[in-house]
Amino acid sequence: MEFRRAVYEDIESIMFIINQGKEYLKNRGINQWQNGYPNDKVIQKDIDENTAYVLTEDENILATVSIGFNGEPNYEKIKGNWLSTGDFCVIHRLGVANKCKGTGVGLSLLKYIENICKQKNIKNMKVDTHAENTSMRRFLEKNGFVYCGLVYTMYNQERVAYEKRI
């Protein structure tokens, strides 16, 4: 597998995975990734800002994620407590192709993110998700993330927040 920065030519494949995630959430009545978000413009912005990554095998995109190291305004206020107050990696828009779910691809993706963090001497990763997104919450908890509290998006949507020390 190869973990690399996404390029514009990847947008269609990334959106295919994102749309699979949207459908999964919609079918479970979860109001996350609905109403046109995320879309190709969001992914293009991630690519422009060098935060978009893909995990590939034989040139096929298996998973996608946006990772940043410049903070996250939505995380400045939390109902609860973060594990740390220092620099961190923020994980957004993580998606795994349906055909790869349950195969360890998500774990591989996290390991690559951890390696980038270690190279940058970043010791914490933070992420948020919808409270009803139990599959994502289980995935995070299974992989060492700790529930820290509630944060709110710029649209005042409540999200559960997690952090992992690495």
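Here's a quick rundown of the structure. Quick caveat: nothing in here was measured; it's all calculated off a predicted structure.

Basis of the calculations
Residues numbered from 1 in each chain as written. Predicted model: local features only at pLDDT ≥ 70, side-chain atom pairs only at ≥ 80, totals over all residues. Heavy atoms only, no water. Pairing = 2+ DSSP bridges. Helix = DSSP H or I, 4+ residues; strand = E, 2+ residues; numbered from the N terminus. Contact = heavy atoms within 4.5 Å. Axes fitted to C-alpha atoms, helices over the stretch in contact; angles between N-to-C directions. Salt bridge = Lys/Arg side-chain N within 4 Å of Asp/Glu carboxyl O. Buried < 20%, exposed > 50% of the residue type's maximum accessible area, 1.4 Å probe, protein only. Lys, Arg positive; Asp, Glu negative; His and termini not counted. Core = buried A, V, L, I, M, F, W, Y, C linked by side-chain atoms within 4.5 Å. Arc of directions from axis to C-beta.

This part covers the sheet that holds strand E1 (residues 2–5). The strand order across the open sheet built from eight strands is E1-E2-E3-E5-E6-E8-E7-E4, with neighbouring strands paired in mixed fashion. Lying at the two open borders of the sheet, with one neighbouring strand each, are E1 and strand E4 (79–80). Of the strand pairs in this sheet, E4 and strand E7 (residues 146–152) are connected by two bridges, and their pairing is antiparallel. Note on E7: the bridge partner recorded for Lys79 is Leu150. Relative to the sheet, helix H1 (residues 11–27) contacts strand E2 (52–57), strand E3 (60–68) and strand E5 (89–96), its axis offset from that of E3 by approximately 85°. Relative to the sheet, helix H2 (residues 40–48) contacts E2, E3 and E5, its axis offset from that of E5 by approximately 135°.

Per the stated rule, a full pass over the model turns up four salt bridges. With its nearest N and O atoms 3.5 Å apart, the salt bridge here joins Lys45 to Glu49. The closest approach of N and O atoms between Arg93 and Asp46, which form a salt bridge, is 2.8 Å. Of this pair, Arg93 sits in strand E5 while Asp46 sits in helix H2, placing them 47 residues apart in sequence. The burial state of Arg93 is the same as that of Asp46; both residues are buried.

On to unusual backbone geometry. In this structure, the amide linkage connecting Tyr37 to the following residue, Pro38, adopts the cis form with an omega of -15°. Checked against the element boundaries, Pro38 lands in the loop between H1 and H2. One non-glycine residue with positive phi stands out, namely Asn35, at about 60°. Assignment of secondary structure puts Asn35 in the loop between H1 and H2. Despite not being glycine, Asn121 shows a phi value in the positive range, around 60°. Counting through the fold element by element, Asn121 comes out in the loop between helix H3 (105–119) and strand E6 (124–129). Taking relative accessible area as the criterion, Asn121 reaches 56% and is therefore assigned exposed.

Right, let's get into the side chain of Glu163. Along the polypeptide, Glu163 turns up in strand E8 (residues 158–165). Buried within the structure, Glu163 lacks any salt-bridge partner; Lys126 is the closest side chain of opposite charge, at an N-O distance of 4.4 Å. Those residues in contact with Glu163 that lie beyond four places of it in its chain are Trp82, Leu83, Ser84, Asn124, Met125, Lys126, Gly144, Phe145, Val146 and Cys148.

With that out of the way, let us pick up the nonpolar core. Among the nonpolar cores identified, the biggest contains 43 residues, and Val65, Ile91, Leu94 and Ile113 are the most heavily contacted of them. The residues contacting Ile113, other than those within four sequence positions of it, are Phe3, Val65, Ile67, Cys89, Ile91 and Met125. With seven residues, the next largest nonpolar core counts Phe88, Val90, Val151 and Ala161 among its residues.

Bringing helix H4 (residues 134–142) into the picture now. All of the buried residues along H4 are Met136, Phe139 and Leu140. Buried residues of H4, viewed axially, fall in a sector of 95°; they line one side. Turned more than 90 degrees away from the buried face of H4, the exposed residues are Arg138 and Lys142. Contacts made by the buried residues of H4 are with E5, H3, E6 and E8. Positive backbone phi, at 90°, marks Gly144, one or two positions downstream of H4.

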